[in-house]
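# Examination of the molecular architecture
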Amino acid sequence: MNALTLFLPCAAGVETYLADEVQRITGVPAGELRVGRAGVELAGSWRQAQQLNLHSRLAQRVLVRLARQPYRSEQDVYGAAAGVAWEIWFTPQRTLKVEITAQHSPLKSLNFAALRVKDAICDRLRDKRGERPSVDTARPDVRVFAHLTHEDVSVYIDTSGEPLFKRGWREDKGDAPLKETLAAAMIAATGWTGWDEQGRPVPLYDPCCGSGTVLIEAAQVALNLAPGRLRRFAFEKLLPHQPHVWQALKQEAQAAERPLPPGTAPFIFGSDVAFRMVDFARRNAERAGVMAALELRGGDALQRLPPSPTPGVMLLNPPYGERIAAAGVAGQRAATRARETAQFAEGGENTDFFAQLATHWKKHYAGWSAWLLTPDLKLPSQMRFKESRRVPLWNGPIECRLFRFDLMAGSARGPKPGPATGTPPAP
């Protein structure tokens, strides 16, 4: 298991940050990584697959590619899957689910193609082990993914199980919650690590924190807590799994954690106009083991003064129309909360929230860098700001930009130094 082809899918726009992360986790040189749209591929070992599951903040899954070959028909797809030695990966007693995706495939029915992959796996295991595995589409032990391009079929086995954004600590959720992997990508884009070059904490503040996703991800970055340390993985049910090796990897991760120095005050701050959301954030932070680094308060973003005398980084994902609409009935509650936020100032009048926010920042947040995720490309002009960076990121199906504004008192234009931890690489 030392010559595997690993593929880590990610959200569009995150590829370069994921490549940097994979290099840090595995030690594989950058030149040996293949960075494509929405994913990173590398030659790696089974141990590195486990490491990536434990430590990656940005990947959606860790897949092992078991086959890739040309195809023209569903029978070719069957042949590709039938040629895989499934008997060395799992037993017929494990339940199975097959998922398929395609890009410009000539096949007429993806469902039928997925059925042929499932048939090939079951036929192979019946021939080699005398039994066929059962299918479980809800909670399978083993997930197999097939991807069709216009000429090739690739077959993967999943080592993650539940998507990697499910860290195991978020039980209390707000409306249209931000995925942990996207929050981690936002943090990576800012270059914030939690500490300056002298080892002093650098403040981070989310004035629209919701259930605390950005804050908790930031705290885990600063404390070097492995994002997968609280959850289980699919590889634990596969035949190559060696519990003693996995236990050693978890012990290494625990030994590398960075506890807060004695007497260090919280330096990651969050507030939200909905006090219910602040309670959610607090409970999530306690489950994640990072509450000592956080300070959470209720209150409106248009009234909150800087939580720290030292300027730092503001990072926020305020509710916006398309994200709210995608959330259905729950989204309507988020829309109401967003309107309440916008109307809180000026005696409850329906005024422009973002214009007021810009004024508030210019008056009170001189020296801070503010990063704001939005699908509205015209937002900087509406705020009368000139962004110093814009980073393309996708929030699910919604194309967004993460804008950076360098704040100076009474001015829409500010200096353009790097963030408190150094200038991040261009995406």
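A brief structural summary. The model shown is predicted, which means the values in this text are computed figures rather than measured ones.

Attention now moves to the overall build of the chain. Helices and strands together make up the secondary structure of the chain, namely twelve helices and 14 strands. Taking all 427 residues of the chain together, the buried fraction comes to 54%. Contacts in the chain between residues at least 24 apart in sequence constitute 78% of all its contacts with a sequence separation of at least 6. Surface accessibility of the chain: about 18800 Å² in total, with carbon and sulfur atoms responsible for 50%.

Among the nonpolar cores identified, the biggest contains 99 residues, and Phe-90, Trp-192, Ile-268 and Leu-294 are the most heavily contacted of them. When residues no more than four places from it in sequence are discounted, the contact partners of Phe-90 are Leu-96, Ile-121, Leu-125, Pro-133, Val-142, Ile-157, Leu-238 and Leu-239. Counting residues in hydrophobic clusters, the runner-up holds 22 residues, among them Phe-269, Trp-368, Met-383 and Phe-405.

Right, let's talk about the pairing of strand S5 (residues 96–102) for a bit. The sheet contact formed by S5 and strand S6 (residues 142–148) spans seven bridges and is parallel. Counterpart to Ala-102 in the pairing with S6 is Leu-148. Tracing the backbone out of S5, into helix H4 (residues 110–129) and back to the parallel element S6 gives a crossover that is left-handed.

This brings us to unusual backbone geometry. The phi angle at Asn-224 is positive, at roughly 55°, despite the residue not being glycine. Residue Arg-384 is not a glycine yet carries a positive backbone phi of 60°. Mapped onto the fold, Arg-384 is located in the loop between helix H12 (379–383) and strand S13 (389–395).

The next point concerns the sheet that holds strand S8 (residues 204–206). Spatial ordering of the open sheet is given by S10-S9-S8-S11-S12-S14-S13, a layout of seven strands whose pairing is mixed. The open sheet has two edge strands with one neighbour each: strand S10 (294–298) and S13. Averaged over all neighbouring strand pairs, the angle between strand axes comes to 20°, with direction disregarded. In this structure, S8 lies alongside strand S9 (residues 268–272), joined through three bridges in parallel fashion. Each bridged residue has a counterpart across the sheet, and for Leu-204 the counterpart in S9 is Ile-268. Packed onto the sheet, helix H5 (residues 180–190) meets strand S11 (313–316), strand S12 (369–374), S13 and strand S14 (398–406) and runs at close to 165° relative to S13.

Before going further, it helps to examine the sheet that holds strand S2 (residues 34–36). Two strands in a sheet stick together by hydrogen bonds in their backbones, pointing the same way (parallel) or opposite ways (antiparallel). Reading across from one edge, S2-S3-S1-S4-S7-S6-S5 is the order of the seven strands in this open sheet, with mixed pairing throughout. The open sheet terminates on both sides in strands that have one partner only, identified here as S2 and S5. Between one strand axis and the next, the sheet turns by 30° as a mean value, whatever way the strands run. Strand contacts of helix H1 (residues 15–26): strand S1 (4–9), S2 and strand S3 (39–44), with the helix running at about 25° to S3, the strand carrying the most contacts. Taken strand by strand, H4 contacts S5 and S6, and its axis lies near 140° from that of S5.

Here we take up the environment of Leu-63. Mapped onto the secondary structure, Leu-63 falls in strand S4 (residues 63–70). Its relative accessible area of 6% is what places Leu-63 among the buried residues. Taking the C-alpha atoms as reference points, Leu-63 and Thr-159, 96 residues apart in sequence, are found 5.9 Å from one another. If sequence neighbours within four positions are ignored, Leu-63 has contacts with Thr-5, Leu-6, Phe-7, Pro-9, Phe-145, Tyr-156, Ile-157 and Asp-158.

Before going further, it helps to spend a moment on helix H3 (residues 74–82). The set of residues buried in H3 consists of Glu-74, Val-77, Tyr-78, Ala-80 and Ala-81. Seen from one end, H3 has its buried residues packed into an arc of 160°, which puts them on one side.

So, on to the environment of Ser-73. When you line up the elements, Ser-73 lands in the loop between S4 and H3. Between the C-alpha atom of Ser-73 and that of Lys-108, which follows or precedes it by 35 residues, the distance is 9.6 Å.

Within the structure shown, the criterion is met by 14 aromatic pairs. Three or more aromatic residues joined by ring pairs form one cluster here, namely Trp-46, Trp-89, Phe-233, Phe-235 and Trp-246.

Our focus in this paragraph is the side chain of Asp-406. Locating Asp-406 in the fold gives a position in strand S14. Judged by relative accessible area, which is 8%, Asp-406 ranks as buried. Among the polar contacts made by the side chain of Asp-406, one reaches the side chain of Ser-388 at a distance of 2.7 Å. Here the side chain of Asp-406 touches Arg-404 through a polar contact of 2.8 Å, side chain to side chain.

What counts, and at which threshold
Residues numbered from 1 in each chain as written. Predicted model: local features only at pLDDT ≥ 70, side-chain atom pairs only at ≥ 80, totals over all residues. Heavy atoms only, no water. Helix = DSSP H or I, 4+ residues; strand = E, 2+ residues; numbered from the N terminus. Buried < 20%, exposed > 50% of the residue type's maximum accessible area, 1.4 Å probe, protein only. Contact = heavy atoms within 4.5 Å. Areas by Shrake-Rupley, 256 points an atom, 1.4 Å probe, with all protein chains shown as cover. Core = buried A, V, L, I, M, F, W, Y, C linked by side-chain atoms within 4.5 Å. Pairing = 2+ DSSP bridges. Right-handed = clockwise from strand over helix to strand, strands pointing away. Axes fitted to C-alpha atoms, helices over the stretch in contact; angles between N-to-C directions. Arc of directions from axis to C-beta. Phe/Tyr/Trp six-rings, centres within 6.5 Å; stacked < 30°, edge-to-face > 60°. Polar contact = N/O pair within 3.5 Å; in protein donor to acceptor, adjacent residues only side chain to side chain.

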